[in-house]
Amino acid sequence: MPFVRRLKRNLVVVAGLLTLGYLLLPNVIVTVFSFNDPKGRFNYAWQRFSTDAWTDPCGVADLCGSLSVSLQIAAWATLGATVLGTMTAFALVRYRFRARGAVNALIFLPMAMPEVVMAASLLTLFLNMGAELGFWTVLIAHIMFCLSFVVTAVKARVMSMDPRLEQAAQDLYAGPVQTFLRVTLPIAAPGIAAGALLAFALSFDDFIITNFNAGSTVTFPMFVWGSAQRGTPVQINVIGTAMFVVAVLCVLAGLVVADRRQRRTS
Amino acid sequence: MTTDRGGDVRLSGISKTYGSFTAVHPLDLTVPQGSFFALLGASGCGKTTTLRMIAGLEEPTAGTVSLGGRDVTALPPYKRPVNTVFQSYALFPHLDVFENVAFGLRRRGIKSVKKQVGEMLDLVQLGEQARRKPHQLSGGQQQRVAVARALINHPEVLLLDEPLGALDLKLRRQMQLELKRIQTEVGITFVHVTHDQEEAMTMADTVAVMNAGRVEQLGAPADLYENPRTTFVANFLGTSNLIEAKVETASGDDLVVEAAGQRLTLPAARCAAPAAAGGAVLLGVRPEKISLTPADDADRVPAGRNRVTGRITAGSFLGVSTQYVVDCPACPEFEVYVQNIDRDPRLVPGAEVVLHWDPAHSFGLDAAQDIDAGVETAGADEEVAAR
Amino acid sequence: MTAVAGAPPEAPAPAPRKRPPGRRGRLVPYWLLLPGILWLLVFFVMPMVYQASTSVQTGSLEEGFEVTWHFRTYWDAVADYWPQFLRSVLYAGSATVLCLLLGYPLAYLIAFRAGRWRNVLLVLVIAPFFTSFLIRTLAWKTILADSGPVVGALGALHVLDVTSWLGMTAGDRVLATPLAVVCGLTYNFLPFMILPLYTSLERIDGRLHEAAGDLYATPSETFRKVTFPLSMPGVVSGTLLTFIPASGDYVNADLLGSTDTRMIGNVVQTQFLRILDYPTAAALSFLLMAAILVMVTFYIRRSGTEDLV
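Residues numbered from 1 in each chain as written. Chains lettered and ligands numbered in written order. Predicted model: local features only at pLDDT ≥ 70, side-chain atom pairs only at ≥ 80, totals over all residues. Heavy atoms only, no water.

1. Things to note about the overall build of chain B
Logical step 1: Summing up its helical and strand segments, chain B has 9 helices and 20 strands in all.
Logical step 2: Considering only C-alpha atoms, chain B reaches an extent of 80 × 45 × 35 Å along its principal axes.
Logical step 3: Within chain B, the fraction of its 387 residues that count as buried is 53%.
Logical step 4: Element-wise, carbon and sulfur atoms account for 50% of the exposed surface of chain B, whose accessible area totals about 16700 Å².
Logical step 5: For chain B, the separation between the mean place of its 38 positive charges and that of its 47 negative charges on side chains is 10 Å. (Helix = DSSP H or I, 4+ residues; strand = E, 2+ residues; numbered from the N terminus. Buried < 20%, exposed > 50% of the residue type's maximum accessible area, 1.4 Å probe, protein only. Areas by Shrake-Rupley, 256 points an atom, 1.4 Å probe, with all protein chains shown as cover. Lys, Arg positive; Asp, Glu negative; His and termini not counted. Charge placed at Lys NZ, Arg CZ, Asp CG, Glu CD.)

The following block contains the structure:
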């Protein structure tokens, strides 16, 4: 029974692909339903094909406004978290100092904390300080929870870096600043970039912490949340699909370029 | 020896401690300009720390480093006229070969580097590979980039930290000759750190053997080999047979000693230990100095030679020579290397033999030392290097 | 934190040093740390303190709150909301187990069997992140719709009878049941399981499998005795990365569940943002944090991977 034997040998492949299907199914639905023309306010049942939403993605009040708020917050949060996180990571890997253990724990804790706890406690702080909830409180919160992820990403990269490279630079007449700019930073760059990308994604997609601390500011996830109660416009699916397609294309293009370069030079 | 010339490296009372651990004991060392100097020792003996203190990568706990009469102890590495070929090369992975080699020139503000880099790459035969990244090169090519990257700066001293450790045996031999050629060509002082005694002896004019943070002995390779002054040097550099002996008479040019009932002679001048009648001494002899004669022919051994009897326990045929291990009352594992000129079929394991050698080839060491010092460390390192 | 070799501690400064003592240099790490650590202290640690203090306050929005060490709030919170606590642990636990069962084959496939498709598969695992998770969670409303093909198939296969009997579904509905919530949680946190699993599987030398086979291990023994133990770091960090956020989540319970599937996150959210009973909300949040910390510490200790951090 060759078929049974082949199936047995490839059981893990079949199971893995089924999981992948489970993972991707919602994206397929989101894409398909971006061409729906729903009856009523909710876009949950298929009616008929339409490209109306694609031709008018900002046709719903506040949707594109919330998108722009999210992009702005994500951009600033990425910048802030990347700068602070990179500095912290360098200090942790490159120097010995007292309280290292405590600092490491402080970096780890936000990642081991359910979002709702951080969201709620941050809100108590802002309420107690009488801070006005809005763009700035959201930004502060995002930098806070992105920071740890940036530190982890950069740390991994800097740790795997041979300290002799920096010594070699010093040996070859590069002072401390030159060594940092010409050797350390370029080599750490992939780690920093990975941290920054992660921060952007986390910030852009965050809902729970944002929901607690945004006041009347509406980010894109909050808009989606609100529409889930009031009625889901097809344009949400359009935005979701577009982001998915653009991001996947970017990544695939990057892979192809890297592959080409690899082949050309070796 | 030499007084301060232009590019001498002088270490005066230099030492390094990490907490309670002393990596390098106070050390005085002068490396004359233009010489090829090797620091030889097992891992952890302080040789790399010494090198790094010359480079400025490690701050000495005490003492000074001077180059050509100028005290550079306080200078950071990037201000010293010294360059290093790092262990496993430390080539910048994000820069191509050309930029790696040009790095030092650019940092010193030299704008037109193209010609110099080109020439240097030609010198190390890497002109074709200029635009490759380090990870696309073979081990030997990477090694040559590392040398070129350092040499292009015309340093007063080139420091080499186990530069050949990552290469396989054949390539290592080739690069040894190559480095020696380059050194003769450019005439720069080379300070070379290695754990490989053959490498040190092949390449260097002067070898300093280090052990546990101290220099055990310093000298030309042949001198170190023929006249070791400690058991560590005797065992670490090649192989030595060491016999525990008692001094019988210590008058005149020769010492007469006794070991397991056999009387042996050695030149008093070659004895590194104070020897008085009745005292203990270690008599050493290198395996290749010894001749083997089957016990049946014992009467044909010329008079006046040191002789010891024993039984062959093992023999391994190596082509040029055969290495025998002989069990003797005076020394249980006596090693003997016999050139394969006329192979005597009677010399097989189990055979009773007489070992004999010219008394002038014996040397004497202080018996108060560990007789096996340097044996295992050398063996262990060889294994590491072979991998 | 051993002081052996590697990085030497400062030498006890004997003999006058010629190099400037570098007092500035010694402060560099602290300057580098200052902004990041300050940020975390002010916006992560301080909020925790405020939250702890809020949880023992009494008062009302109009009159203001005051610390009265009113620990009864905790007692009341547990008494009123223990079902939600229990549900959080159960749902998050089930989702974690499901993630492990579903994620392991895929991680294994990518690590060992994907060949040149490895990068493409990895991209596909990460890709869903690029669409907002709320939009994707809403898509499950369509997938699990009452008269949809999925529910129809599950009903025809009598799976729903079993799950109903287990109390996971009600009648021929999936939406608005615990099953839908667990399904949503599993879906949302699956990549957090797959990626650490993949990372630790990918580090395993493929020759170990051959060696195990050479030493008479059957494929399943090879997996149990070699592959799985070596992937433990991935299993541990994967389960943590799944369980922790899942236990505090309220989005899935809200979008896919009903009032009977409310988790502790939902309670905190309503207390804080709708009812404005800050002390109760703070106490609940504090309890959740404490429970998670205790569980995580215990779990890391037990699994012996304390170097995880």
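2. Re the state of the cysteines
Logical step 1: Going through the model one piece at a time under the given rule, you end up with 1 disulfide over all chains.
Logical step 2: The side chain of Cys 58 of chain A participates in a disulfide bridge whose partner is Cys 64 of chain A; the two sulfur atoms lie 1.8 Å from each other. Linking Cys 58 of chain A and Cys 64 of chain A, the disulfide has an S-S dihedral of approximately -90° and is accordingly described as left-handed.
Logical step 3: Given a relative accessible area of 45%, Cys 58 of chain A falls into the partly exposed group.
Logical step 4: Free of any disulfide, Cys 328 of chain B has its nearest cysteine sulfur in Cys 331 of chain B, 6.5 Å distant. (Disulfide = S-S within 2.5 Å.)

3. Here we look at the sheet that holds strand E16 (residues 306-317) of chain B
For sheets, the rule is that strands pair by backbone hydrogen bonds, running either parallel or antiparallel.
Residues and elements named next belong to chain B.
Logical step 1: If you walk across this open sheet you meet the 5 strands as E15-E19-E16-E17-E18, and the pairing is antiparallel. Strands at the two margins of the open sheet, each flanked by one partner only, are strand E15 (291-294) and strand E18 (334-339). Strand-to-strand twist across the sheet, computed as the mean angle between neighbouring axes with direction ignored, equals 45°.
Logical step 2: Relative to E18, strand E17 (residues 321-327) is paired through 6 bridges, and the arrangement is antiparallel. In the strand pairing of E18, Gln 323 is matched with Tyr 337. (Pairing = 2+ DSSP bridges. Axes fitted to C-alpha atoms, helices over the stretch in contact; angles between N-to-C directions.)

4. Re the environment of Pro 155 of chain B
Residue and element names in this part refer to chain B.
Logical step 1: Within the secondary structure, Pro 155 sits in the loop between helix H4 (139-151) and strand E7 (157-161).
Logical step 2: Between the alpha carbons of Pro 155 and Gln 87 there is a distance of 18 Å; along the sequence they are 68 residues apart.
Logical step 3: With residues near it in sequence (within four places) discarded, Pro 155 still touches Pro 81, Val 82, Asn 83, Ala 150 and Ile 188. (Contact = heavy atoms within 4.5 Å.)

5. Comments concerning the packing of aromatic side chains
Logical step 1: A complete count under the given rule lists 31 aromatic pairs over all chains for this structure.
Logical step 2: Grouping aromatic residues by their ring pairs yields a cluster made of Tyr 104, Tyr 108, Phe 112, Phe 223 and Phe 228 of chain C.
Logical step 3: Note that Arg 286 of chain B overlies the ring of Tyr 225 of chain B, its terminal NZ or CZ placed 3.8 Å from the centroid. (Phe/Tyr/Trp six-rings, centres within 6.5 Å; stacked < 30°, edge-to-face > 60°. Lys NZ or Arg CZ within 6 Å of the ring centre and 35° of its normal.)

6. A few points about empty space enclosed by the protein
Logical step 1: Taken as a whole and judged by the stated rule, the model has 5 cavities of 30 Å³ or more.
Logical step 2: Along the walls of the largest cavity sit 13 residues, with Asn 43 and Asn 237 of chain A together with Ile 135, Leu 138 and Ala 139 of chain C positioned nearest its centre.
Logical step 3: Sorting elements by how many residues they give to the lining of the largest cavity places helix H4 (residues 133-143) of chain C first, with 4 residues.
Logical step 4: The class makeup of the residues in the lining of the largest cavity is 9 nonpolar, 4 polar and no charged.
Logical step 5: Here the second largest cavity defines a volume of roughly 40 Å³.
Logical step 6: Looking at the second largest cavity, the residues that line it are Leu 51, Arg 52, Ala 55, Leu 57, Thr 84, Phe 86, Leu 159 and Asp 161 of chain B.
Logical step 7: Broken down by element, the lining of the second largest cavity gets its largest block of residues, 3 residues, from helix H1 (residues 47-55) of chain B.
Logical step 8: Split into classes, the residues belonging to the lining of the second largest cavity amount to 5 nonpolar, 1 polar and 2 charged. (1 Å grid on protein atoms, 1.4 Å probe; cavity = no way out; pocket = protein on both sides within 12 Å on 5 of 7 lines; lining within 4 Å. Points joined across faces, edges and corners; volume = space filled by probe spheres on them. Nonpolar A, V, L, I, M, F, W, Y, C, P; charged D, E, K, R; others polar.)

7. Considering the domain arrangement of chain B
Residues and elements named next belong to chain B.
Logical step 1: According to the domain assignment, chain B contains domain 1 (9-231) and domain 2 (239-366).
Logical step 2: A C-alpha centroid distance of 39 Å is found between domain 1 and domain 2.
Logical step 3: The interface of domain 1 with domain 2 comprises 8 residues on the first partner and 9 residues on the second.
Logical step 4: In this assembly, domain 1 packs against domain 2 so that about 750 Å² is buried in total across both faces, 48% of it on carbon and sulfur atoms.
Logical step 5: Seen at the junction of domain 1 and domain 2, the total is 1 salt bridge.
Logical step 6: Residue Lys 289 pairs with Glu 226 through a salt bridge whose shortest N-O separation is 3.2 Å.
Logical step 7: Examining the composition of the side of domain 1 that touches domain 2, we find that 3 residues originate from one element, helix H7 (residues 221-226), more than from any other.
Logical step 8: Among the residues forming the side of domain 1 that touches domain 2, the class breakdown is 3 nonpolar, 3 polar and 2 charged. (Domains from an automatic or database assignment. Buried area = accessible area lost by both parts, 1.4 Å probe. Salt bridge = Lys/Arg side-chain N within 4 Å of Asp/Glu carboxyl O.)

8. As for a positive patch on the surface
Logical step 1: Residues Arg 5, Arg 6 and Arg 9 of chain A together with Arg 113 of chain C make up a contiguous surface patch of positive charge.
Logical step 2: Here the positive patch takes 3 residues from helix H1 (residues 2-9) of chain A, the largest share from any one element.
Logical step 3: Within the element layout of this structure, Arg 113 of chain C appears in helix H2 (residues 72-113). (Patch = residues over 30% accessible without salt bridge, like charges linked within 9 Å, V, L, I, M, F, W, Y side chains within 5 Å.)

9. What about the nonpolar core?
Logical step 1: Phe 207 and Phe 212 of chain A are the most contacted members of the largest nonpolar core, which has 140 residues in total.
Logical step 2: Considering every element that reaches this core, the biggest residue donor is H2 of chain C, with 14 residues.
Logical step 3: Split by domain, the residues of this core number at least three in each of domain 1 (62-231) and domain 2 (233-266) of chain A.
Logical step 4: Beyond its immediate sequence surroundings of up to four residues, Phe 212 of chain A is in contact with Val 116, Ala 119, Ala 120, Leu 123 and Leu 133 of chain A together with Tyr 250, Val 268, Gln 269, Phe 272 and Leu 273 of chain C.
Logical step 5: Counting residues in hydrophobic clusters, the runner-up holds 47 residues, among them Leu 40, Leu 121, Ala 200 and Phe 236 of chain B. (Core = buried A, V, L, I, M, F, W, Y, C linked by side-chain atoms within 4.5 Å.)

10. Some details on the domain arrangement of chain A
All names here are of chain A.
Logical step 1: In terms of domains, chain A is made up of domain 1 (62-231) and domain 2 (233-266).
Logical step 2: On the side of domain 2, 5 residues touch domain 1, which itself brings 8 residues to the contact.
Logical step 3: For the pair domain 1 and domain 2, the summed buried area comes to about 510 Å², and 93% of that belongs to carbon and sulfur atoms.
Logical step 4: Seen at the junction of domain 1 and domain 2, the total is 0 salt bridges.
Logical step 5: Counting the contacts that link domain 1 with domain 2 gives 0 residue pairs in polar contact (both at pLDDT 80 or more).
Logical step 6: Looking at the side of domain 1 that touches domain 2, the elements with two or more residues in it are helix H4 (63-94) and helix H11 (220-230).
Logical step 7: Here the side of domain 1 that touches domain 2 gets 4 residues from one element, more than from any other, and that element is H11.
Logical step 8: The residue makeup of the side of domain 1 that touches domain 2, split by class, is 6 nonpolar, 2 polar and no charged. (Polar contact = N/O pair within 3.5 Å; in protein donor to acceptor, adjacent residues only side chain to side chain.)

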